[in-house]
Amino acid sequence: MTEAEFLDRLRVLPLHPGAQGLADDVARLGNYVVTTDTLVEGVHFLANDPPGDVAWKLLAVNLSDLAAKGADPVGVLLNYPLGDDDWDRAFVVGLAAALRQLGCQLLGGDTVSLPAGASRVLTLTAIGTAPMTVSRGGARAGDGLFVTGTIGDGGVGLTIAKRLAGDPAGLAIAQGATGPDALLGAYRRPLPRLGEGRILAAHVHAMMDISDGLLIDAQRMAAASGLAVTIDLAAIPLSQAYRDYAGEDRAARLRAATAGDDYQLLFAAPETAAVPASRIGHFTSGSGLVLVDGDESLALPTRLGFEHVG
């Protein structure tokens, strides 16, 4: 069962109005915005990723959901499986640093015992406040599609992490080098765009963060808005570190657009943006995703991004 199929089954359950039909990444309770994310070892992080970095990422991906709603973090709840004392201690040290640097506080949570040899499953719930929020489904025909920052750094950072772990899957790009620390850091310690989110919330028609990949998340925004979206591959912003490591040809841009782990903000707005951002496409009447490279139409790749499949 795919994630979308499972969500369809959940939608027939009694839903609180704050669930917003399970059509977004957060729930809304008055002025409170609530979101939760789970990181699974071997799926969302590698077994040899430093525990402090895993703690940072667990917090950051939740705060990124709040950023996409223009919310200010209030606190977080942690569900944690106790297993290895050294790993657990290092995780707590990393979480403390992340909470301080990202401006958040711990409210509580739950602990369980991790069976010997089991993969770690880490869950965090973040609560924020916002006088108003913006959904992913409010784009309008004629809006531009914008993205903050650069795309692809987190995905190629994962490739570098796999190389460091000796995983053959990490050998697909740049055979000669392990890659710069900036790219590895983008994967292990993403920065939630809280400041940009607060500014954008009052100016944009739709917004979400990019977690599963630019193409698949843009397609989700278009579907939620009942529109079609066109993306120009040539306009996708790449960092210099990405260009130096993975290139900037069409294949490199497609890898960046489908990799995920970016945690930038994707938003629909008129032609001007309220924060520094790149215009990468536009919305029109209709449905579906159209991909171009300058003036050339492209076939969609078979994989638009990361999807959970049971």
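Since we're looking at a predicted model, the values are computed, not measured.

*Asks:* It is not clear to me how the pattern of salt bridges should be interpreted in this structure. Could you clarify?
*Replies:* A side chain of one charge can pair with a side chain of the opposite charge if their charged atoms are brought near each other. For the coordinates displayed, the defined rule picks out 16 salt bridges. Linking D72 and R198 is a salt bridge whose minimum nitrogen-to-oxygen distance equals 2.7 Å. Of this pair, D72 sits in strand β3 (residues 72-82) while R198 sits in helix α6 (residues 194-200), placing them 126 residues apart in sequence. Judged by its relative accessible area of 39%, R198 falls in the partly exposed class. Taken together, the salt bridges that share partners define one network made up of D24, D25, K69 and R136.

*Asks:* Looking at this structure, how should I read helix α9 (residues 250-259)?
*Replies:* An α-helical turn contains 3.6 residues, so any two residues separated by three or four positions project in the same direction. By the burial criterion, the buried members of α9 are A252, R253, A256, A257 and T258. Of the surrounding elements, those touching the buried residues of α9 are α7 (214-225) and α8 (240-246).

*Asks:* When you look at the confidence of the model for the protein chain in this model, what are you seeing that I'm missing?
*Replies:* Any residue range with low pLDDT should be treated as having predicted coordinates unsuitable for detailed reading. Here the protein chain shows a mean pLDDT of 92. Residues at 70 or above account for 95%. Counted against residues more than four places away or in other chains, residues 170-176, with its pLDDT under 50, gives 14 contacts.

*Asks:* Looking at this structure, I do not really get the packing of helix α2 (residues 51-67) against helix α3 (residues 85-102). What am I missing?
*Replies:* The relative placement of two packed helices is expressed as an angle between their axes plus a distance between the axes. As a packed pair, α2 and α3 sit with axes 7 Å apart at the nearest point and diverge in direction by 40°. By the angle class used here, α2 and α3 are oblique. The element α2 and its partner α3 pack so that their crossing is right-handed. Where α2 approaches α3, its residues P51, G52, V54, A55, W56, L58, L59, A60 and L63 are matched on the opposing element by W87, A90, F91, G94, L95, A98, L99, Q101 and L102. Grouping the constituent residues of the contact of α2 with α3 by class yields 15 nonpolar, three polar and no charged.

*Asks:* Can you help me understand the environment of T150 in this one?
*Replies:* You can see T150 is positioned in the loop between β6 (144-147) and α4 (153-164). Considering only alpha carbons, one finds T150 and P237, 87 residues apart in sequence, at a separation of 4.9 Å. Not counting chain neighbours up to four residues away, the residues in contact with T150 comprise P237, L238, S239, D262 and Q264.

What counts, and where the lines are drawn
Residues numbered from 1 in each chain as written. Predicted model: local features only at pLDDT ≥ 70, side-chain atom pairs only at ≥ 80, totals over all residues. Heavy atoms only, no water. Salt bridge = Lys/Arg side-chain N within 4 Å of Asp/Glu carboxyl O. Helix = DSSP H or I, 4+ residues; strand = E, 2+ residues; numbered from the N terminus. Buried < 20%, exposed > 50% of the residue type's maximum accessible area, 1.4 Å probe, protein only. Contact = heavy atoms within 4.5 Å. pLDDT = per-residue confidence, 0-100. Axes fitted to C-alpha atoms, helices over the stretch in contact; angles between N-to-C directions. Parallel < 35°, antiparallel > 145°, perpendicular 65-115°, else oblique. Left-handed = near helix turned anticlockwise from the far one by under 90°. Nonpolar A, V, L, I, M, F, W, Y, C, P; charged D, E, K, R; others polar.

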